Amino acid sequence: MPDEHPSKCPKLQFEEIDRDSGTRKQICEFPINKQDEIRRAYLIEGPYEPKDIVYPYNDDTHRRRFQPSWFVSHKDWLEYSPSMDALYCLPCYLFSKKPIGRLESDAFISTGFNNWKKVKNGMNCPLIRHEGKEPNFPHKIAVKCCEDLKNYSRHIDKLIEKQTSKELDNNRLRLKTSIECARWLAFQACAFRGHDESLDSKNRGNFIKLIKFTSTFNDKVASVVLENAPGNAKYTSPTIQKEILHILASNVGNAIREEIGDVKFCILVDEARDESKREQMAIILRFVDKEGFIKERFFHVVHVRDTTALTLKNEICAVLSLYNFHIENIRGQGYDRASNMCGEWNGLQALFLKDCPYAYYVHCMAHRLQLALVTASRDKRNDELQHAQAEQVENMIAPSEIETGRGANQIVINTISEEGANYKQRIDAEGAYQLRDDGWEPLLASVISFCDQHEIDIPDINARYTKVAIDFQLQELKSRFCELTTELVILSLVLNPNDAFRLFKIVDICNLVKKYYPQDFTEHERELLKSQLQHYELDVIKHPDFQNISTISELCRGLKISGKSKIYFLIDRLIRLMLTLPVSTATTERAFSAMKLLKTRLRNRMEDELLADNMIVYIEKEIAGNFTIEMIMDEFYSMKNRR
């Protein structure tokens, strides 16, 4: 290729460099081995017309040289090689089977033409003579071949496709039917395959039965599916069913990834055994979307060989990296209280904290309260507690043996500590008595308020339990809530809009940002946040539109709708960070409920990938239902370069 024009290399190459001497030598023979390469370049780039160069004189006396105007007068075929200072006929070079037989015309194909003094000689011009007048002149035939090359609709594969367009339409209709049936079965958590899918079987499975049922209402579908389909394009095999499900599941994952974008998020993880006793780990992502809505999306379920913390972390990271999530964007972890999850040194939450120190672990508040209530009332029914308390208090008040008043009636606790059914019950009662004035009532109130503002359903403690039971609960809360979690929960309450922002304190909010989210706010932003909070206190808190909201999620939506999220963007950022805290495990529980529906005793041989795809499509059917049939079909055909 010419050294002087590295950025505009002509497609015709009629010279090469001698490897030994390093000098150029002209190739006078027809370079057949370059034709295919040049044809492809011609389709992509069009003819090579170097117009912005200096054309050299080949005759110093008459100063004759190539004229770029010839590109216009002979635009269908002329190409110029700067390195050879000669012009060529591209169509004849590409499509002439043999030299034409005239030395002058052959020069346009092999050696190149540069006899400029003859170009302007009227009809005797070599360029005009080369084009010829007869329809079957070799040059005209070559030009026609070039036109056909550029005309994609005349290519042989297109001609074949045109002849078989009916077959293609039938294939697409057949595939469309299979996709719709597969998606419907996945949405309904139904089994796909039958034990025997042969023609003689009385129950060929839901997938084939549904296709057959669909065909009864559409004659066009009936004419192309099942027995009326060719053997190699029925689109009903188990492999095809799995591919369709996998396409749906992959697109759901991509849609969730796009929905989250670059915002901070929380991971909720839990494990359970499926019907075949294989340990499955569900991964849920919690985040706040662009419109201010809290979303918890089921993202994946992974079979794990063991439940050690390191194995779980590696599997979670593999799933997140597959969709290009960044670990440093995690701002919350939600697991159960198993040691492999919440272990302070080697638990899953500790391993993630090493990579991301602001991914705070918060055990589900509702779950903690439930555990505390269950433990506190263990081996003692509520009506028995109430009856025992009422009877003993009434008997002892009459003779003035005890005083009336708040905190004085601990008779039942004393009774249980002395006469409890077992050792554990007696120890619990004694501990509750010791903790009765320990100041844990505010923590209980804070936890209940935290659950309320995040819209978590918890039992009605005051309605179901007496003061005695609450004392037990306080003891349990002390053991289940660590100091870090307790402080984070209490500080987060200052953002609670309930009761006209009663708990709002600028100092506490600034301390919350400084201690728990230093990476999300620069030093300058922390100073600016204080200024925004002062205006926020006068503007938002006093605004009538914000007086009737009671939860942080409602506050986030209200700021977005009113446009104040742009004004108080740092406060909005903090609110969104607080909303990513894992406050509930309801989504993981729903995930395992779905797993029980999908992998039953009769379907216990379901493969892990198929189970994962089924669960994603079933749980996130809202997203999967938005994909068009054309989109799924195009991706299906592209998987194996199908026609």
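Let us look at the structure shown here. (Residues numbered from 1 in each chain as written. Predicted model: local features only at pLDDT ≥ 70, side-chain atom pairs only at ≥ 80, totals over all residues. Heavy atoms only, no water.)

### What about the nonpolar core?
Cut-off, in case you're wondering: What we call a nonpolar core is a set of buried Ala, Val, Leu, Ile, Met, Phe, Trp, Tyr and Cys residues that are connected through their side-chain atoms within 4.5 Å. Each residue's exposure class comes from its accessible area (1.4 Å probe, protein chains only) as a fraction of the maximum for that residue type: buried when under 20%, exposed when over 50%, partly exposed otherwise.
Leu285, Ile316 and Phe352 are the most contacted members of the largest nonpolar core, which totals 85 residues. Of all hydrophobic cores here, the second largest spans 38 residues; its members include Tyr536, Ile552, Leu555 and Leu581.

### Considering the pattern of salt bridges
Our working rule: Salt bridges are counted wherever a side-chain nitrogen of Lys or Arg sits within 4 Å of a carboxyl oxygen of Asp or Glu. Comment: elements are numbered from the N terminus, with helices defined as DSSP H or I runs of at least four residues and strands as E runs of at least two.
Applying the stated criterion to the full structure yields 20 salt bridges. The residue glutamate 180 makes a salt bridge to arginine 183 at a minimum N-O spacing of 3.8 Å. Taken together, the residues glutamate 180 and arginine 183, both in helix H8 (residues 165-187) and 3 residues apart, mark about one turn of the helix. On the basis of relative accessible area, glutamate 180 is assigned to the partly exposed category, the value being 35%. Since its relative accessible area comes to 7%, arginine 183 is described here as buried. Linking arginine 286 and glutamate 296 is a salt bridge whose minimum nitrogen-to-oxygen distance equals 2.6 Å. Here glutamate 296 lies in strand E7 (residues 294-303) and arginine 286 lies in strand E6 (residues 279-288), a separation of 10 residues in the sequence. For arginine 286, a relative accessible area of 5% translates into the label buried.

### Observations regarding helix H11 (residues 238-260)
Worth spelling out the cut-off: Here the expected span of a helix is defined as 1.5 Å times the quantity of residues minus one.
Its 23 residues place the ends of H11 33 Å apart at the C-alpha level, agreeing with the 33 Å of an ideal helix rising 1.5 Å per residue. A positive backbone phi angle near 65° is found at glycine 261, which sits one or two residues after H11.

### Observations regarding helix H25 (residues 523-539)
Here is the rule we go by: Of all possible arcs, the one meant is that of the directions from the helix axis to the C-beta atoms.
The end-to-end C-alpha distance of H25 is 24 Å, a good match for the 24 Å that 17 residues give at a rise of 1.5 Å each. All of the buried residues along H25 are Glu525, Leu529, Gln532, Leu533 and Tyr536. Taken end-on, H25 shows its buried residues confined to a sector of 115°, consistent with a single buried face. Facing away from the buried side of H25 by over 90 degrees, the exposed positions are Glu523, His524, Glu527 and Leu538.

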